[in-house]
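# Close look at the chain arrangement
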Amino acid sequence: MTLLSRLEARFGRWAIPNVTIILIAGQVLLYFLHATQAGQGLDLSKIALLPSAVARGEVWRLVTFLFAPPAMSPIFVLFYWMLMFTFGSSLEQQWGAFRYNLFLLIGTLASIGASFLAYTLGYDLVAGNGFLYGTVFLAFARLFPDYTINVYFILPIRIKWLALLMWVSYGYLLLKGDWMDRLLIVASVLNYLL
């Protein structure tokens, strides 16, 4: 019995089913709370993972940064959520709820660890969830390389080519990005490799 199977046997009952739907629902709620009441909406900087704020006692940021919506126009954010649902629910269906939860948990803990490592090195930067959710896309592309997305509803592109493009962009950011980007890429790819 592998380590993962033993962990699943012991802790599997605590797995959160449909965790992708929960993450998307939280993002949708915060996106609309932020967009409404022109200027009086929710301040998204209050939920971002900022190590100095966590050190001051704002510990909710360790969880709420997962629900930070992407900064996109409404039409693009809708497609983002549709793709995130497709990728996340497919991974959960393929692996099971426990293994998918563990995948996200490892990525989340690695992102938090990278954020605090940067903080101890003197960089107090906001750590986003984009790289973490990028690994969900990469894992989906690894399992379903021939899945096709129709760009602009016309141009069919296999997901493996988009994943290759993402790997190239990660490599470029490792070379040219700032320290926070580098640490978050390494942290997020950690769960993919595991």
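Scroll up for the structure.
The structure reproduced in this document is the subject of the present report. (Residues numbered from 1 in each chain as written. Predicted model: local features only at pLDDT ≥ 70, side-chain atom pairs only at ≥ 80, totals over all residues. Heavy atoms only, no water.)

## Observations concerning the side chain of Asn191
- Turning to its location among the elements, Asn191 is positioned in helix α9 (residues 179-193).
- On the basis of relative accessibility, which here comes to 3%, the residue Asn191 falls in the buried class.
- Of note is the side chain of Asn191, whose polar atom sits 2.9 Å from the backbone oxygen of Phe103.
- Of the polar contacts made by the side chain of Asn191, one reaches the side chain of Thr135; its length is 3.5 Å.
- The contacts of Asn191, once residues within four sequence positions are left out, are Phe103, Ile106, Gly107, Leu132 and Thr135. (Helix = DSSP H or I, 4+ residues; strand = E, 2+ residues; numbered from the N terminus. Buried < 20%, exposed > 50% of the residue type's maximum accessible area, 1.4 Å probe, protein only. Polar contact = N/O pair within 3.5 Å; in protein donor to acceptor, adjacent residues only side chain to side chain. Contact = heavy atoms within 4.5 Å.)

## Side note on a nonpolar patch on the surface
- A cluster of nonpolar side chains, contributed by Met72, Ile75, Phe76, Leu78 and Met82, occupies part of the molecular surface with about 480 Å² of accessible area.
- Here Leu78 lies in helix α5 (residues 74-95).
- Looking at Leu78, the relative accessible area reads 43%, which means it is partly exposed. (Patch = residues over 30% accessible without salt bridge, like charges linked within 9 Å, V, L, I, M, F, W, Y side chains within 5 Å. Areas by Shrake-Rupley, 256 points an atom, 1.4 Å probe, with all protein chains shown as cover. Salt bridge = Lys/Arg side-chain N within 4 Å of Asp/Glu carboxyl O.)

## Examining the nonpolar core
- Grouped together as the largest cluster of nonpolar side chains are 44 residues, with contacts concentrated most on Leu23, Leu66, Phe87, Leu104, Val136 and Ile159.
- Those elements that provide at least two residues to this core are α2 (19-35), α5, α6 (97-120), α7 (130-143), α8 (159-176) and α9.
- It is α7 that contributes the most residues to this core, nine residues altogether.
- Once you skip the residues sitting within four places of it in the chain, Leu104 turns out to touch Val19, Leu23, Leu132 and Val136. (Core = buried A, V, L, I, M, F, W, Y, C linked by side-chain atoms within 4.5 Å.)

## A short note on the packing of aromatic side chains
- Per the stated rule, a full pass over the model turns up 11 aromatic pairs.
- Residues Phe87 and Phe140 carry aromatic rings whose centres are separated by 4.6 Å and whose planes lie at 35° to one another, so their mutual orientation is tilted. With Phe87 in helix α5 and Phe140 in helix α7, the pair connects residues that are 53 residues apart, well separated along the chain. Both residues of the pair, Phe87 and Phe140, count as buried.
- Plain terms: the ring middles of Phe140 and Phe144 are 5.0 Å apart, the flat faces sit at 40° to each other, and that makes the pair tilted.
- Residue Phe140 is classed as buried on the basis of its relative accessible area of 2%.
- Among the aromatic residues, those joined into a ring-pair cluster are Phe87, Phe137, Phe140, Phe144 and Tyr147.
- When the ring centre of Trp14 is taken as reference, the NZ or CZ atom of Arg13 above it lies at 4.5 Å. (Phe/Tyr/Trp six-rings, centres within 6.5 Å; stacked < 30°, edge-to-face > 60°. Lys NZ or Arg CZ within 6 Å of the ring centre and 35° of its normal.)

## Re the side chain of Arg61
- Tracing the chain through its elements places Arg61 in helix α4 (residues 61-64).
- Residue Arg61 is classed as buried on the basis of its relative accessible area of 5%.
- A polar atom in the side chain of Arg61 sits 2.8 Å from the backbone oxygen of Ala48.
- Beyond its immediate sequence surroundings of up to four residues, Arg61 is in contact with Ser45, Lys46, Ile47, Ala48, Leu49, Leu50, Ala53 and Val54.

## Here we look at the pairing of strand β1 (residues 148-151)
- Direction of pairing for β1 relative to strand β2 (residues 155-158): antiparallel, over a ladder of four bridges. Within the sheet, the bridge partner assigned to Thr148 lies in β2 and is Arg158.
- Between the antiparallel neighbours β1 and β2 lie three residues, among them Tyr152 with a positive phi of about 55°. (Pairing = 2+ DSSP bridges.)

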